[in-house]
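Okay, here's what each chain looks like letter by letter:
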Amino acid sequence: MATDSDGPAGTQQSETTAEVGRRQFLKRAGAAAAAGTVGAGVIGYAATNKRGAAKSLVCGYRAGDLPVVDPASAVWTRRSAFKVTMLVQNIATPHAPALVVPTLKVRALHNGTQIAFHLEWADNSKDELSGLARFNDAVAVQLAADFAKEAATGVTMGAVDNPVHILQWKASWQSDLDSGQKTSKDIWPNIYNDVRPEQLMPVDQAKSWYPGWAVGNPLSQRDKKSPVEEMVAVGFGTLTTHKEQEAVGKGIHDRNRWRVVIAMPMKGNGANKAQVTPGQTRQIAFAVWDGGEDQRGSRKQYALWVPMEVEAVA
Amino acid sequence: MPDVFNWQLDRPMKYQYEEARPQKQIAWIFDTNKCIACQTCTIACKSTWTSGSGQEYMLWNNVETKPFGFFPTGWDVKLLEIMGPDAWKDGKFAGQTVFESAPAAERVKGHLFDADHWSHPNLGEDEPAGEAARGTHIDKLPHDMWFSYLARICNHCTYPACLAACPRQAIYKRPEDGIVLVDQERCRGYQECASACPYKKTMYNEDTRVTEKCIACYPKIEQGLQPQCVTSCIGRIRLAGFISPPGKIDPKNPIDYLVKVKKVALPLYPQSGTEPNVYYIPPVHSKREYLRQMFGPGVDVAVDTYLKTKEDPQMLGLFMLFGSTERIIRQFEVKGSMAIGYDETGKELVSVPVTEPSVVREYFDRVNQTYVHNIT
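For clarity, every value in this text was computed on a predicted model and none was experimentally measured.

1. So, the overall build of chain A
Here comes step 1: Counting secondary structure elements, chain A contains 8 helices and 14 strands.
Here comes step 2: Residues counted as buried form 54% of the 314 residues belonging to chain A.
Here comes step 3: Considering only contacts in chain A between residues 6 or more positions apart, those separated by 24 or more positions represent 70%.
Here comes step 4: Of the accessible surface of chain A, which amounts to about 13,000 Å², a share of 54% is contributed by carbon and sulfur atoms.

2. Thoughts on the sheet that holds strand β17 (residues 348-353) of chain B
Residue and element names in this part refer to chain B.
Here comes step 1: Read across the sheet, 3 strands follow the order β15-β16-β17 without closing on themselves; strand pairing throughout is antiparallel. Edge positions in the open sheet fall to β15 (331-335) and β17, since each of these has one partner strand only. Averaged over all adjacent pairs, the angle separating strand axes in this sheet is 20 degrees, with direction ignored.
Here comes step 2: Examined bridge by bridge, β15 and strand β16 (residues 338-342) share 5 bridges and lie antiparallel to one another. Bridged to E333 within β16 is I340.
Here comes step 3: Across the face of the sheet, helix α10 (residues 313-321) comes into contact with β15, β16 and β17 while running at roughly 125 degrees to β15.

3. Description of the sheet that holds strand β14 (residues 278-281) of chain B
Residue and element names in this part refer to chain B.
Here comes step 1: With mixed pairing, 4 strands are arranged side by side in an open sheet as β12-β3-β14-β13. The strands lining the two open edges of the sheet, one partner per strand, are β12 (238-243) and β13 (266-267).
Here comes step 2: One ladder, built from 6 bridges, connects strand β3 (residues 25-31) with β12; its direction is antiparallel. Across the sheet, the residue bridging to I26 is F242, located in β12.

4. A closer look at helix α8 (residues 288-295) of chain B
Every α-helical turn comprises 3.6 residues, leaving residues that sit three or four positions apart pointing alike.
Residue and element names in this part refer to chain B.
Here comes step 1: Of all the positions in α8, only R288, Y290, L291, M294 and F295 are classed as buried. The arc that holds the buried residues of α8, viewed along the axis, is 155 degrees, so those residues lie on one side.
Here comes step 2: Residues of α8 that are buried in the fold lie against β4 (62-66), α2 (75-83), β7 (148-152), β13, β14 and α9 (299-307).
Here comes step 3: Just beyond α8, the residue with positive phi is G296, at close to 85 degrees.

5. Observations regarding the interface of chain B and chain A
Here comes step 1: With 34 residues of chain B at the interface, the matching set in chain A holds 49 residues.
Here comes step 2: Between chain B and chain A, the buried area comes to about 3,200 Å², and carbon and sulfur atoms account for 46% of it.
Here comes step 3: Of all residues in chain B, B:R188, B:E206 and B:R209 give up the largest surface area on contact with chain A, accounting jointly for 24% of the area buried on that side.
Here comes step 4: On inspection of chain B and its partner chain A, the count reaches 6 salt bridges.
Here comes step 5: Note that B:R188 is salt-bridged to A:E229, the shortest N-O span being 2.6 Å.

6. Regarding helix α7 (residues 254-261) of chain B
Residue and element names in this part refer to chain B.
Here comes step 1: A large share of α7 lies buried, amounting to 7 of its 8 residues.
Here comes step 2: All buried positions along α7 are accounted for by P254, I255, D256, Y257, L258, V259 and K260.
Here comes step 3: Buried positions along α7 lie against β3, β12, β14, α10 and β15.
Here comes step 4: Where α7 begins, one side-chain oxygen reaches toward the backbone nitrogen of I255, 2.8 Å away; that side chain belongs to N253.
Here comes step 5: Note on α7: the residue one or two positions beyond its end, K263, has a positive phi of about 55 degrees.

7. A closer look at the packing of aromatic side chains
Here comes step 1: Per the counting criterion, the structure on display carries 22 aromatic pairs over all chains.
Here comes step 2: Arranged with centres 5.2 Å apart and planes meeting at 55 degrees, the rings of B:W88 and B:F93 form a pair that is tilted.
Here comes step 3: In this structure B:W88 comes out as buried when scored by relative accessible area, which is 18%.
Here comes step 4: Considering the side-chain rings of B:F319 and B:F322, the 5.6 Å spacing of their centres and the 80 degrees angle between planes classify their relative orientation as edge-to-face. No difference in accessibility class separates B:F319 from B:F322, as the two residues are buried.
Here comes step 5: Aromatic rings pair up to connect B:Y15, B:Y17, B:F99 and B:Y159 into one cluster.
Here comes step 6: Above the ring of A:W173, the side-chain terminus of A:K170 is found at 4.4 Å from the ring centroid.
Here comes step 7: Over the ring of B:F322 we find B:K34; its NZ or CZ atom is 5.3 Å from the centre of that ring.

8. Focus: the pairing of β7(B)
Residues and elements named next belong to chain B.
Here comes step 1: Summarising burial for β7: 5 of the 5 residues are buried, a large majority.
Here comes step 2: Neither face of β7 is left uncovered, since the one carrying S148, L150 and R152 and the one carrying Y149 and A151 both have all their residues buried.
Here comes step 3: Looking at chain direction, β4 and β7 are connected through 5 bridges and run antiparallel. Considered in β7, the bridge of N62 is made with R152.

What counts, and at which threshold
- Residues numbered from 1 in each chain as written.
- Chains lettered and ligands numbered in written order.
- Predicted model: local features only at pLDDT ≥ 70, side-chain atom pairs only at ≥ 80, totals over all residues.
- Heavy atoms only, no water.
- Helix = DSSP H or I, 4+ residues; strand = E, 2+ residues; numbered from the N terminus.
- Buried < 20%, exposed > 50% of the residue type's maximum accessible area, 1.4 Å probe, protein only.
- Contact = heavy atoms within 4.5 Å.
- Areas by Shrake-Rupley, 256 points an atom, 1.4 Å probe, with all protein chains shown as cover.
- Pairing = 2+ DSSP bridges.
- Axes fitted to C-alpha atoms, helices over the stretch in contact; angles between N-to-C directions.
- Arc of directions from axis to C-beta.
- Buried area = accessible area lost by both parts, 1.4 Å probe.
- Salt bridge = Lys/Arg side-chain N within 4 Å of Asp/Glu carboxyl O.
- Polar contact = N/O pair within 3.5 Å; in protein donor to acceptor, adjacent residues only side chain to side chain.
- Phe/Tyr/Trp six-rings, centres within 6.5 Å; stacked < 30°, edge-to-face > 60°.
- Lys NZ or Arg CZ within 6 Å of the ring centre and 35° of its normal.

Below is the structure:
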């Protein structure tokens, strides 16, 4: 069970609380959810919040390069976080039995060409390997692909006429990038492989022994350039990897929490990518998976749309 | 959930999707009485499809000993545990299937085995159901002391639990032959299928991070050939073909003849509700109660019919056609002393004698002055 924790000690943070209305909703949704959220809200409110609850996430403008591969950067940690209340996904089957990540802290910045999200949540276990009955941690952001249709776009991963653009960071992909592609040998150090196909022949031929890899499944590929996968969806169960992968990011796990940055171009290439313009207010949603609690796919926490004010370029 | 008809339960049941039977439904007959657990099928499958890294533990085909052998460990014990006691009334299933008993948050009542369960494929091999006392004689059917072999592949179910459970429809059943496949491009490794399959025949690949399963050797099926596990079987216990939909019987179709006319071959744990399409001739020497638990209420008829095979030239002839050709036998007939198999165009594929010529040797070898043992 994840617990809520505040940011690094010593940094001056202005914590925003969840909206009261949403808290009431959660209370009705389940006692566990309510307990986590109210507890978190009280801590944040009593400790730091003197200005009242912010109703929207502010995506600040910052000229120059953004710290997109440094979640620990002071550029992020000195910025106040917007607290997003997470709900257990229980609309589509199958769903997780309980809410384990009640809150996600979000910070957002843009530099006029790139937009980045800093996502922080409490998780005592770092689950970065996916194996038999074993799942990895992950987090995702979601925007309506078409800003003009945003009001009609459902938070439940869009619909046929209202696609959503989803960017998912995976702990497993981060691990592959940080310390090499993980295989069954990493999950079971004493596993015996007499020889791996790629040791006997060129990789192009060896791929035939790895069906997912051979047919181009993004999860099976070994030449990852980013821990973030860009996808399009038109409803539950329709998640499809985008042909144009442009997102970058980085996740680090320390002090019983994940801190993850997901960044994308504000004008991405290809159809069905959210185009973000400075000065806009647009809706954004989030999802979090705790692999250690067997969460994957539809077994997750999600958030309702949150308004995000994208600051104008100064 | 829509209502669909499950002929093995003899009643409608709830399923995730509407009833949509394929144009042809692949099916197998496995005669457990002839299986010696040589694992030639297992190796034929393994060397054809799962010799890569990440597939080490996978046995799309396996042969286990009943009652104490399993792959994965305890799969059927766990299935019976979550399904509760059998509830058959006059040949109709009165209990709840894995779909009907699913909790609100799930599509299928299942469970996910961890790696320990997949690590002991030969556990319980050749272990009998009880201890033999000194001087025990096995002289009647069913035997007091018994075990039997159960060869297992994916059942390519009519109502696959794996397919129902996949939240992104990455599993599909081919309309042309009913083969159930995992789309290797679309699967995201959630393992919902592995949790749902009552027979535990979908398997996660830790190197590609997506799930794989028996593909019924579809490249062979498409050419009119039987799968590797069938054609490699040295005991000639297997036959692959196509079963007619409920309400239709073609007595010349070998699968229909054994399943629907003679009712000698039965589905495994039909109470799961998936309408599995591997049909087993039950092991006649095993305890009846155990067989009823495994194959449902049709066991007594199946065993009694099988024991009279030698009085039935039609059935005997068909058994002789098992393992006689690599091609799929769509029609068969017994003419005089010969059994003949035909393809879908009516062309003869193979003919075999119903009774093979045999020679009885003298048990005493006069030349070498020794007794000759019958080793068969």
